[in-house]
Every structure is written in C-alpha cells, then in structure tokens.
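Structural characterization, general
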Amino acid sequence: MLTVALATLRTRWTTLIGTFVALALGVGLIAVMGLGLASTFDTPDRAPQRFAGSPVVVMGDDTLTVEVRRGPSTTEVSRRLAHPHPVDIALLRDLRALGQVTRDDGNGAHRGPDAVGVDAPVAEVRRVVGDRALVLTGDGRRRADPAAERDAEGLLTVNALFGTAGGVTAFVSVFVVASTFAFAVALRRREFGLLRTAGATPGQLRRLLLTEAAVVGTLASAAGCALGRWAAPLSAGLLADEGMAPPWFTIRPVAWPLHAAFWTGLAVAFAGVWVASRRAGRTGPAEALREADVDTGVLPPARRLLGFALLAGAAFLMAKSLATDPSALLKRKTYTTQPMVLITGTALLAPLLVRPLARLIRLPGATGMLVSANTSASLRRTAAVAAPVLITVALAGSVAGSAMTVTAAKAAEAREHTRADLVVTGKELKVRPVRGATLSASASTAVYVREDGTALITSEARAVDDAKALATVERLPVVAGDIRDLDDRSIVVNEEWEQHTVGSTVRVWLGDGRPVALRIAAVLARGTGNNGAYVTQANAPAAPVDRIDVRLSPGADRAAVAAQLRGTGGEVRSTEQWLAATHPRTSPQTRLGLVVILGIALVYTAIALANTMLMAGSVRSSELNALRLAGATRPRVLAVVAGETLFAVGLGALLGLAVTAVGLAGLAAALASLSAPVAMSVQWPLTAGAAGVCAVVAVGAALLPRAVRCRSMPVHRRSGWAVRDQAGERA
C-alpha cells in the first residue's frame, strides 16, 4: 500500500502541494505560538535593578489575600492592591538601627517609600519587620522594581495573543486541509472506480488515502516544526520591538511545543482525510464510466446533521448569553471564538446554500447563463471556493466589526455620561475653588468584593470629593437610588455586582486593603463595563486626585476659568479634546491581534483557493474543449472561467456577510439590554479588501492553466465540422 501511495503522490503532487503548504504553515504557526506560550510560563530569572546593592529589601504590603471556597475546601486568592502600603516611619527607624537603609522615593514620596534596601542580616530584618511589611531576598527583590508589574502585563498580553492566534490557526488549518482532501477525493472518483473494477476493496481505498495523508502529514509537520523553530525568535523580537512584550523577552529552548505541533499536524492530516476516505470507499466500479459533470449527493446526511447542529449551537450560545450575561458578548474572547461555531456550521452547509443562491442571482448574457449553470452544476467546486472566502470575510466582519463596535459603544457611552465643559488631568492635582464653575475632583482607585464566597472580584472605582458636584457635572446612568446620597459610609455600584439593592450593605475591601461595610446609595446600569463603583475620598485617602471635571456657570468666561484651572498643575482641555485623546480607542494589542487573526485567515484562504483552482483545472479539459467545439472563442472561455470563479467568490463573501450580520445583531442586542449606546461599526473597507484579495488569487489561479491549455488546443473548422488537430489531441 505504501508503494501505491508513493506512486500516487508522485503523479498527483500538483494537487497536494496546496495541502502540504497549508499543513506546514499551520504546524509552523502552532509551533511559534507554543514556543511563545512556553516562554511566558517559564521566564528567565532576572537580577533586581532598583536595590541591586542591598542584600535585603523591605517592601510595603501590595496584595490583598482573601479566603474563598473551592468545592468542599477553601483556598486563598490574592489581588494586587490599587494603593500598596508604604514603609511607615516607625519601621524605618527600627530598620536604621540594624544597618544602612537605602531609600528610593520615586514612588509615592508624599506617603513614604514603598520599599527600602537594608544592609543587615536577613534573620534580624525578619525579626524586626514581623507582619508589618514584606521581606524580599535574592531574585525576589525584583518585586520592588517598577518594571516588574509592567513586564507581567506584557507577558499577559503575549500569552493572550499567542493563545488566540494558535486557536485561529488550528481552526482554519483543519478546515482548509479537510476541504482540500474532500475536493481531491471528489475529483478522483473515476480513478477509484477503476481501482474497484480492478478488484480493490473499500478498505484498501481507505488505507490508500490514509497512507497518502500519513506521508504528506509527516513531511509537512516536519517542515512546519523547522519553520516554527526558525520563526519563533523573530516573532519574539518583533513583539519586543513593538513594545508588546518586555524588552528581555526571548524564546526558551523547550521541546514540548514542537512535539505538540508535529503531532497536531499529523492528527489534522488524518482528520481531514478520514471522512473523504470513507466516501472514497463507497465508490462503485460504475464510477469509472461516469461522465456527468452535475454534482449529486455532495452533502452526506452526517455533514448535513452536523452543520445544522452547529448552527443551532451557535444560536443557543448567543441566546443564552443574551438571557443570562449580555456583557459576555462584549468580551474579546467571546466575539473572537463564538463566531467560529457559526462559521463552521455555515461552511458545512455551503453546498446546500450555493445552488439556491446561484439560481436566485441572474447574470445577463450567454456568458452569464453559462456561469450560473456551471456554478449550480459543479457544487463541489463552487463550495470549495466559497467556503474559505466565507471564513475570511466572516472573520474580518465579525471579529474586527465586533471589536470596533464595542470601542465605538464605549466612546459614545463616555460622551453621554458627561456634562462637563472642561476636564483637567494630571498625576497629583491641587484642587482649589474657581469662580464661575462647578468642580468635581476624583481619583482612580479600586474596591474588592467576594462574590458568592467563591471569587474575589476587582472593580475599578472613582473616589470623589463631593457627590452633589459629581451629579452636576456627570450624567451617570442611575437605575436605582440617588448619586447625591453617596457619603463616607456608602458606595455606588452597578448592576453587575452580585448585591445591587439600594439600602443593603455590602462588605468590600478598599484600594489599600482595608475591609469595610458600606451601604449601597445608588445603582448604575451595567453598560459596556466602564460604569465602575464610586466611593468618597475618605475611603481612598492614598489615591491622589488625577481628574477634575468642570461645568461652567451660565455666563461664565471659559478663558478666565481655564486660566484659573492651570493653577491645579494639570492639563486643561475641552471635554471634546479629552474624550478624543483618552477615551476608548482600539488598543495596540487589539490591533495587532486583529492583524494576526485576519492575516492567518487570508493566507490560508489564498492557499486553499489556489489549490482548488489548480485541482479543478486538471479535470476540466473536456468541458472547456466542448465549449470551443460549440463555437466559443478563447476569450469567451476565459470569461466563463473567470466569471465562475468570481461568482463563487461572491457567494462566499455573501455568506460571510450573512454570518457577520448575525454576529453583529447579537452584539447590538447585548448593548441594548445593557442600556449602552448601540453604535454599530461594520468594517466595510476591511471586508471588501479581504474579498478582493480572494477574488484576485482565485481568478489568477484559475486563468493561468486555462490560458495555457486553451492555446495548446486550437480548434479548426473543416467542411462544417469542428475537430481537434492531431497536435491538440496529443497535448
């Protein structure tokens, strides 16, 4: 069987080159993502920088640790405090009695140092410090470096990017490889019929295809692993240069991602050919005599059932999210992964959808009639072209459209929630009365709440100095209570909190870790997720004022008020300028993620389209020669081929837009149920560009072999009969 498979591969290598490239590229990308993920888990030890010359570092407590339930037992979870504790004066005095103390007041000098270096024995330092602060030694001293938190966020970004890209790669590669094998098997039905006539059993045909898949999968996976090992350091360097990863981030020499990528590639090859091999095994000897070009039975019952099941599953997931947690549809992981279920279901049912759409769209002229007829007759070829286009257009429309829609909704929400005329921003603003204006000063902070006893939730918050002034300059989406009732013993929450009944008491931890019980004064709508909690400045004494919202009194001079506000030490801007500069935009991480996802989809689509066109061209000689014998000129034949290809690409784009419309409709419903602005953002240039690239690749791959073949088979008219010349017959 191996000998027959190798001989088949030698003669049909042109039809499998696309599968080899797609599989090798997929394995290479999975290897890159795996190596990148492994490098984020196992980061190299780095020497401390801030207190490198001190053997011991004493640091104020910067985490909140709370006990939560985990099944029948309990465990402790920690969250970083919004306002870490400083090393107090009394502790500094005790440490100086042990030895030299090195201070670095770059962080929080107004409150005392957040950490100090101590030149003294570790045991003595631990005895003096006790539970008043943290004692760090060795590489643990790096925890006091300002870059430690930034590096942790960078590694989290890299982790998310590699994880998402790896998932998209696996999804698209499985689909492309499976569709390529299925189309190749459909084109070889006469070959399988001849083998059955010669005595081959269905099991032998299945083993033949599985052996071919094993050979192609092994070679492609090995090539992909080599590609991934070479490209992984380049990707790490690119992320570090773009500021997405820490400057020191490198790929670690780990073996398991390469093993995972290799065996994943082999599994994808086998999975892609398995269903096709079963169909080949059912080929009868009579298929060797079949000449009909009208595809029948292209949608087996199992595929039909799976397609409808996936569509039903996608509808169920969307309905469940809308009914229980609409905010989940606004999260990046949801709008990146959930459309894949809908895309897969639609792609599986593409042969069922292509024929009605082709009959519905009427093309003018004789060429249009031929294009429509060939498109309806050759469902396998049409579906093989439309499906990868569907994936690319749907991903471009759904993922990019959802990301931009959420961003636009957040920006619109921010504009709706403010009445301010001017906004002052800065790190530590000095608040002073200003004639002719109402000022609302606030500071960034956070509160922590244990929900259902099983999770410690961090909620961003603003600490305000005057609730009545806040109600004047802000238009908050209050659904219960009154924002003006906020005082030092109360809190404003949103509907996302487990406890959100006005007048009830909720136990929280403040930004500095203090536990308090606060009465709920008002409840805000959930919105897009930016409606955080509000407390008074008495409950966030360590938070410096970083924003002042200003509303001008009637008849006040804006220029005079702005001149007075400059004495606060911050930047004075109009509300429109502040919103444009600071409020929701697509982050660099999101933009890079979209580029990676759409780039992967577009590359795979190009491979699939080129491979499909080349495979289809190898069996269409008689069909196109029949057109020439019927009197069609070479330009007319090329026009028919190009028209069929463009029509199939258009059908795929239409299905992709339908998937996009469903996804964005669900997102709009989620925004409406959250009382957030519905600001839809369909990325027409991006989707049109993706469809245009698909059309160029598909038409180019279809016309190149057609043009060559048409030139090599001239048709002459003799005595009223159209016949091929001998040179053309030999060709």
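Residues numbered from 1 in each chain as written. Predicted model: local features only at pLDDT ≥ 70, side-chain atom pairs only at ≥ 80, totals over all residues. Heavy atoms only, no water.

Within the protein, the regular secondary structure consists of 21 helices and 18 strands. Within the protein, the fraction of its 731 residues that count as buried is 50%. When contacts within the protein are restricted to residue pairs at least 6 apart in sequence, long-range pairs at least 24 apart make up 80% of them. Looking at the protein as shown, the accessible area adds up to about 33,300 Å², and 59% of this sits on carbon and sulfur atoms. (Helix = DSSP H or I, 4+ residues; strand = E, 2+ residues; numbered from the N terminus. Buried < 20%, exposed > 50% of the residue type's maximum accessible area, 1.4 Å probe, protein only. Contact = heavy atoms within 4.5 Å. Areas by Shrake-Rupley, 256 points an atom, 1.4 Å probe, with all protein chains shown as cover.)

Turning to the packing of helix α11 (residues 350–360) against helix α13 (residues 379–416), a few remarks are in order. Two elements in contact, α11 and α13, have axes whose closest approach is 9 Å; the angle formed by their N-to-C orientations is 105°. In terms of orientation, α11 lies roughly perpendicular with respect to α13. Here A350, P351, V354 and R355 of α11 come into contact with α13, specifically with L379, T382 and A383. (Axes fitted to C-alpha atoms, helices over the stretch in contact; angles between N-to-C directions. Parallel < 35°, antiparallel > 145°, perpendicular 65-115°, else oblique.)

Attention now moves to the pattern of salt bridges. Here the structure, examined in full by the defined rule, presents 13 salt bridges. The salt bridge partner of R462 is D546, with a shortest N-O separation of 2.9 Å. Highlighted residues: R462 in strand β9 (residues 455–464) and D546 in the loop between β14 (533–536) and β15 (547–552), separated in sequence by 84 residues. Assessed through its relative accessible area of 15%, R462 is described here as buried. For D482, the salt bridge goes to R484, with nearest N and O atoms at 3.0 Å. By sharing partners, the salt bridges in this structure join D62, R80 and R143 into a single network. (Salt bridge = Lys/Arg side-chain N within 4 Å of Asp/Glu carboxyl O.)

At a closest axis distance of 9 Å, the pairing of α11 and helix α12 (residues 365–377) adopts a crossing angle of 165°. Here α12 runs roughly antiparallel to α11, going by the angle between their axes. When you trace α11 past α12, the crossing you get is left-handed. On α12, the residues that touch V354, R355, A358 and R359 of α11 are T375, S376 and A377. (Left-handed = near helix turned anticlockwise from the far one by under 90°.)

Counting 72 residues, the largest nonpolar core has V172, L239, L330, I343, I391, L395 and Y604 as the members making the most contacts within it. Residue contributions to this core peak at 12 residues, all from α13. Apart from residues lying up to four places away in sequence, Y604 is in contact with A22, L25, G26, L29, T169, V172, S173 and V176. Among the nonpolar cores identified, the runner-up in size contains 19 residues, and A461, V493, W497 and L510 belong to it. (Core = buried A, V, L, I, M, F, W, Y, C linked by side-chain atoms within 4.5 Å.)

In terms of burial, strand β11 (residues 490–494) is largely enclosed, as five of its five residues are buried. Here β11 shows a buried face lined by S490, V492 and N494 and a second buried face lined by I491 and V493. Of the strand pairs in this sheet, β11 and strand β13 (residues 515–524) are connected by five bridges, and their pairing is parallel. Within β13, the position partnered with V493 by the bridge is V523. (Pairing = 2+ DSSP bridges.)

As a further point, take the packing of aromatic side chains. Enumeration according to the criterion identifies one aromatic pair in this entry. Where F262 meets W263, the ring centres are 5.1 Å apart and the plane angle is 90°; that geometry is what we call edge-to-face. (Phe/Tyr/Trp six-rings, centres within 6.5 Å; stacked < 30°, edge-to-face > 60°.)

Attention shifts here to unusual backbone geometry. One non-glycine residue, D452, lies in positive phi territory at about 60°. Positionally, D452 belongs in the loop between β8 (437–451) and β9. At S675, a residue that is not glycine, the phi angle is positive and equals roughly 60°. Summarising the element assignment, S675 is placed in the loop between α19 (634–673) and α20 (684–712).

This brings us to the environment of A170. Take A170: it is sitting in helix α5 (residues 147–187). The exposure class of A170 is partly exposed, given its relative accessible area of 27%. With 144 residues separating them in the primary sequence, A170 and G26 have C-alpha atoms 7.0 Å apart.

It is worth spelling out the environment of T102 at this point. In this fold, T102 is placed in strand β4 (residues 100–103). For the pair formed by T102 and S54, sequence separation is 48 residues and the distance between their alpha carbons is 7.7 Å. Setting aside residues up to four positions removed in sequence, T102 forms contacts with F51, S54, V116 and G117.

On the surface, L227, W230 and L234 cluster together into a nonpolar patch covering about 340 Å² of accessible area. Structurally, L227 is set in helix α7 (residues 202–241). Here L227 falls in the partly exposed class, since its relative accessible area comes to 35%. (Patch = residues over 30% accessible without salt bridge, like charges linked within 9 Å, V, L, I, M, F, W, Y side chains within 5 Å.)

The subject of this paragraph is the sheet that holds β4. Ordered in space as β4-β5-β1-β6, the four strands form an open sheet in which the pairing is antiparallel. In this open sheet, the two strands that pair with only one neighbour each are β4 and β6 (134–137). In this sheet, adjacent strand axes meet at a mean angle of 30° when their direction is disregarded. As paired strands, strand β1 (residues 56–59) and β6 are joined by four bridges and run antiparallel to one another. Paired with M59 across the two strands is L134, which belongs to β6. Packing against the sheet, helix α3 (residues 89–96) makes contact with β1, β4 and β5 (115–119), and its axis sits at approximately 135° to β4.

A word on the side chain of S440. One can find S440 in strand β8. Exposure remark for S440: the relative accessible area of 1% places this residue in the buried category. Contacts of S440, omitting those with residues within four sequence positions, involve D465, A469, L470, V473, R547, I548 and D549.

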